[in-house]
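Here's the letter readout for the chains.
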Amino acid sequence: MKRNTIAKAVILVALGVLQGCGGGGGGGGGVAFPITAVPASDSGPAPASTSGAEPTTSPAPSPAPVAPPVPPTEPAPSLDPTACINAPQPGSAAEVGNGFEGVWDQNVYGGAIGRMLIGAAGDVVGYRRAEASSVNVDNFNGTFSFSAANSSWQVASATINPYPTTNAVPFTGSGTFVAKSTMDGTYSVDGAAPKSFDAWAYRISNYLAVDSALLTGAWGGTQYGVTGLIEIAPDGSFTGSTRNASEIAFGACTLSGTVLPREPGTSRKNYLTVRLQAVDAAKAGEKSCSLVSVTEGVGYIAVNQGTMDGVCKRSMSLNFLLKDAAGNYSIGAGFPR
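Residues numbered from 1 in each chain as written. Predicted model: local features only at pLDDT ≥ 70, side-chain atom pairs only at ≥ 80, totals over all residues. Heavy atoms only, no water.

A. Structural view of the state of the cysteines. Taken as a whole, this structure holds two disulfides when the rule is applied. Two residues share a disulfide in this structure: C84 and C312, whose sulfurs sit 2.0 Å from each other. Given an S-S torsion of about -75°, the disulfide between C84 and C312 has left-handed geometry. In this pair, C84 sits in the loop between α1 (18–21) and α2 (93–96) while C312 sits in strand β17 (residues 311–323), placing the two residues 228 residues apart along the sequence. What makes C84 buried here is its relative accessible area of 15%. Take C312: its relative accessible area is 23%, and that puts it in the partly exposed class. A sulfur-sulfur distance of 2.1 Å marks the disulfide that ties C253 to C289. With the S-S dihedral at roughly 100°, the linkage between C253 and C289 falls on the right-handed side. Residue C253 is found in strand β14 (residues 253–261), and its partner C289 is found in the loop between β15 (272–280) and β16 (296–308); the two are separated by 36 residues along the sequence. (Disulfide = S-S within 2.5 Å. Helix = DSSP H or I, 4+ residues; strand = E, 2+ residues; numbered from the N terminus. Buried < 20%, exposed > 50% of the residue type's maximum accessible area, 1.4 Å probe, protein only.)

B. Examining the packing of aromatic side chains more closely. Taken as a whole and judged by the stated rule, the model has 16 aromatic pairs. Relative to F171, the ring of F144 has its centre 6.3 Å away and its plane inclined at 20°; by these criteria the two rings are stacked. Of this pair, F144 sits in strand β5 (residues 137–147) while F171 is found in strand β7 (residues 169–178), placing the two residues 27 residues apart along the sequence. In this pair, the class of F144 matches that of F171, namely buried. Put simply, the rings of F100, F140, F144, F146, W153, F171, F177, Y187, F197 and W200 pair up and form one aromatic cluster. Positioned over the ring face of Y271 is R262, at 4.4 Å from the centre of the ring. One cation-aromatic arrangement involves R337 over W219; the distance from NZ or CZ to the ring centre is 3.8 Å. (Phe/Tyr/Trp six-rings, centres within 6.5 Å; stacked < 30°, edge-to-face > 60°. Lys NZ or Arg CZ within 6 Å of the ring centre and 35° of its normal.)

Here is the structure:
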């Protein structure tokens with residue numbers, strides 16, 4: 001079998017704490033799925049109507065006319081939610097966004113690994129691997145200013161939590177960007193000498209249009225030994241749970257909250273506001289829930305797609321970046337579908 005990976009998303013530990021273990025959500029290359037063929041239409045043209053008086057006598061039977069060949073019809077567009085995305089879907093950030101908003105990733109094979117969510121006003125939540133040889137990450141959030149005329153960006157106001165500290169310190173930086181394509185530049189932590197911010201790429205996740213129909217239903221399962229499930233209602237409310245004894249996991253929690261578009265109304269951009277309430281549900285021998293102090297965060301759907309045996313398919317994961325008790329976006333959770 002030949003596998004051609006199209007989207008190389010960040011490979012991180014689902015349902016884990018970002019600070020010190022690499023974060024949540026992501027995924028690698030293409031995955032094999034059952035293939036359902038979409039048949040072409042088999043209905044022919046409607047018969048032509050006739051008019052005029054009925055003949056008083058019946059004519060001799062004549063051979064039935066031979067219909068001209070009908071050109072083959074195009075297959076109906078696939079509604080399969082696992083089909084690859086080849087163009088921006090209606091209302092997606094890639095279709096209606098301003099060029100810098102959306103989901104940005106760092107090159108999986110280029111040293112540092114990171115993910116950054118940028119809102120329409122330049123609000124930023126992100127993380128990047130602290131060192132090329134480490135799974136530990138630095139979390140940052142704030143506001144970036146973008147100039148389309150100069151193809152440039154700079155940090156307007158932001159903080160970063162450099163691993164292994166948990167204290168937020170000033171974060172500055174600047175660089176260049178190509179709309180809906182790439183970003184790079186340098187950054188500085190707490191006034192230290194600038195260092196490379198590395199290259200960031202605009203992701204296929206921005207092509208996805210996210211609405212209540214896509215969000216509604218079950219998300220989750222077991223990844224890396226961690227179990228987490230949530231069920232989202234059409235109004236964006238959800239209930240769920242996590243259960244695992246691992247020290248890097250959240251423990252046994254009962255979850256409830258809402259997942260809604262960050263831009264109210266008809267927006268279908270892949271950027272969500274999360275409200276969360278977690279209750280400790282640990283039984284004897286289980287780890288207590290570590291999310292009881294978490295109340296809010298942001299979310300997005302990570303898209304993974306690639307080709308297997310000539311068929312391009314995708315998978316998705318609903319990912320959260322959550323604020324910890326100190327107000328830092330240091331907690332990541334991923335619920336695959």
